[in-house]
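A closer look at the structure
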Amino acid sequence: MAIVSNSLVFVIVTSTAVGAGLFLWFGSVLCGVVGGLGTLGMLAFVAANMILRPPFRIYQGPAHDRLTNGITGHAKRLWKDTMVDPTEHFDIAFESVSVPIYHGNTKIDSEALSGWYIPARSRTHAHSNLCVVLVHGAARDRRAFLRHLPAFHSQGYAALMCDLRAHGLSSGGAAPLTYGPRESLDVESMVRYARGVLGHSKIVVCGTSTGAAAALIASGRVQDTAALSYIDGVVAENSFACRADQFDHVAKAVFMCAPWLAHVVAPFHWLVRELTLALVQRLDTIPYVSPRESVGRVAPRPVLLMHGTSDLVVPVEHSLQLYDAASEPKQLWVVEGAEHTALYDVDAREWEARVQHILHATQPGVDHTPPQPL
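Here the structure is a predicted model, which is why all the values come from computation and not from measurement. (Residues numbered from 1 in each chain as written. Predicted model: local features only at pLDDT ≥ 70, side-chain atom pairs only at ≥ 80, totals over all residues. Heavy atoms only, no water.)

1. Structural notes on the pairing of strand β4 (residues 158–162)
Summarising burial for β4: 5 of the 5 residues are buried, a large majority. Side chains Ala158, Leu160 and Cys162 project from β4 onto one buried face, and the interleaved Ala159 and Met161 project onto a second face that is buried too. In this sheet, β4 lies alongside strand β2 (residues 106–118) in antiparallel orientation, the contact comprising 4 bridges. Residue pairing for β4: tyrosine 117 is matched across the bridge by leucine 160. Pairing between strand β3 (residues 130–135) and β4: 5 bridges, direction parallel. (Buried < 20%, exposed > 50% of the residue type's maximum accessible area, 1.4 Å probe, protein only. Helix = DSSP H or I, 4+ residues; strand = E, 2+ residues; numbered from the N terminus. Pairing = 2+ DSSP bridges.)

2. Re the nonpolar core
Grouped together as the largest cluster of nonpolar side chains are 35 residues, with contacts concentrated most on Val133, Leu160, Val187, Met190, Val205, Leu216 and Val234. Setting aside residues up to four positions removed in sequence, valine 205 forms contacts with Val133, Val135, Val187, Val191, Ala215, Ile231, Gly233, Val234 and Val235. The next biggest cluster of nonpolar side chains, apart from the first, holds 29 residues, and it includes Leu67, Val235, Val335 and Leu343. (Core = buried A, V, L, I, M, F, W, Y, C linked by side-chain atoms within 4.5 Å. Contact = heavy atoms within 4.5 Å.)

3. Quick notes on the pairing of β2
Of the strand pairs in this sheet, strand β1 (residues 95–103) and β2 are connected by 9 bridges, and their pairing is antiparallel. Looking at the pairing, valine 97 lines up with glycine 115 of β2. From the end of β1 to the start of β2, which pair antiparallel, there are 2 residues, and glycine 104 there has a positive phi angle of about 70 degrees.

4. Looking at helix α7 (residues 243–254)
With 12 residues, α7 should cover 16 Å at 1.5 Å per step; its first-to-last C-alpha distance of 16 Å lies within 8% of that length. Along α7, the residues that are buried comprise Arg243, Ala244, Gln246, Phe247, Asp248 and Ala251. (Expected span 1.5 Å × (residues − 1).)

5. Section: the layout of surface pockets
In this model, the largest pocket occupies a volume close to 880 Å³. Together, 42 residues line the largest pocket, and Phe56, Ala138, Arg140, Val313 and His340 are the ones closest to its centre. Contributing elements (two or more residues each) for the lining of the largest pocket: α1 (2–52), α2 (73–79) and α7. No other element matches α7, which puts 7 residues into the lining of the largest pocket. Of the residues in the lining of the largest pocket, the class split is 23 nonpolar, 13 polar and 6 charged. Considering only enclosed or pocket space, the second largest pocket measures out at about 280 Å³ in volume. Asp65, Arg66, Leu67, Trp116 and Leu169 are the residues nearest the centre of the second largest pocket, which is lined by 17 residues in total. (1 Å grid on protein atoms, 1.4 Å probe; cavity = no way out; pocket = protein on both sides within 12 Å on 5 of 7 lines; lining within 4 Å. Points joined across faces, edges and corners; volume = space filled by probe spheres on them. Nonpolar A, V, L, I, M, F, W, Y, C, P; charged D, E, K, R; others polar.)

6. Details of the packing of aromatic side chains
Enumeration over the complete set of coordinates arrives at 5 aromatic pairs. Ring-pair connections join several aromatic residues into one group, and the members of that group are Phe152, Tyr344 and Trp351. When the ring centre of tryptophan 116 is taken as reference, the NZ or CZ atom of arginine 142 above it lies at 4.8 Å. Sitting over the face of the ring of tyrosine 288, arginine 243 holds its NZ or CZ atom 3.9 Å from the ring centroid. (Phe/Tyr/Trp six-rings, centres within 6.5 Å; stacked < 30°, edge-to-face > 60°. Lys NZ or Arg CZ within 6 Å of the ring centre and 35° of its normal.)

7. Re the sheet that holds strand β8 (residues 330–335)
Reading across from one edge, β1-β2-β4-β3-β5-β6-β7-β8 is the order of the 8 strands in this open sheet, with mixed pairing throughout. Edge positions in the sheet fall to β1 and β8, since each has one partner strand and no second. Here the strands of the sheet are splayed against their neighbours by 25 degrees on average, with no regard to which way each runs. Relative to β1, helix α5 (residues 181–196) is tilted by about 120 degrees, and along the sheet it contacts β1, β2, β3, β4 and β5 (202–208). (Axes fitted to C-alpha atoms, helices over the stretch in contact; angles between N-to-C directions.)

If you want it as structure tokens, here you go:
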């Protein structure tokens with residue numbers, strides 16, 4: 001009887017010990033999983049904020065009166081030494097302007113865009129009626145188009161170059177980018193200023209990257225030809241087709257891994273994209289309409305889509321999608337070997353010719369002979 005009793009006690013004690021061990025093992029595994037998911041979520045949140053608040057963004061704010069020359073990375077390589085102003089580099093006169101921000105027809109008194117207005121060389125030349133609004137991409141400033149400026153000025157066109165909100169010397173603080181909605185309102189405000197204040201009857205918007213996407217969105221939204229913010233033509237260089245697709249690409253490009261690990265990292269990429277979308281949607285003050293949805297509404301106005309095959313920031317497939325979604329008159333120029341925002345640097349002459357074709361299309365029946373040098 002004692003033997004049976006001792007055996008029973010042994011079984012009970014052993015079972016209890018095994019159960020406790022399994023419980024501790026399961027608990028440690030569960031804690032590890034929860035901790036891993038927490039770490040994954042934290043990393044995704046940091047990544048999403050880096051997309052919406054790029055650490056390399058050029059922003060000084062309206063308290064400054066001169067743009068910084070502390071440019072690094074890709075921008076410095078492209079801009080080279082053209083980082084001051086049109087007069088310093090090209091002996092082209094300009095005026096510093098402050099452009100009011102409008103949300104529809106409502107003026108936002110607390111905000112404004114800082115920029116340069118470059119008058120036409122000859123106010124009597126037919127081209128002087130047209131103003132080219134130049135719109136930089138995410139995390140850059142108005143100087144993204146400074147090296148392109150002589151191409152417009154020599155042909156007799158005026159130009160307006162502004163920093164988007166939360167960039168350069170404009171208002172907005174360190175606000176996150178919205179990759180379309182807020183930036184498109186900035187484009188509308190620039191167009192309204194060029195037409196309503198500066199007196200130009202024709203406006204063509206030439207944008208790059210996020211600036212190109214914003215131009216397409218603004219052009220598709222404003223259909224009333226009598227509106228001050230009406231856009232007569234669009235040049236969109238390396239625009240993305242949809243911000244969700246772009247977020248997905250950035251997540252995969254920044255957090256690359258070996259091909260055999262792709263299926264393991266895929267949930268993290270998905271989480272970064274979805275978290276970035278969730279965060280940016282909370283910033284939207286107007287319904288989001290993608291460039292892909294907007295580009296078909298640009299017609300009958302001309303649109304030129306441009307992209308480089310070596311663009312690692314926004315894949316060339318985005319412009320191919322935009323071209324398929326656009327209606328005539330439309331043009332597509334794909335530059336072999338060109339990087340992001342670097343088409344002009346690969347073939348400046350062809351870039352100028354393609355853009356001038358769009359400018360001419362908005363002024364039919366006009367003598368397009370450039371004005372004589374002063």
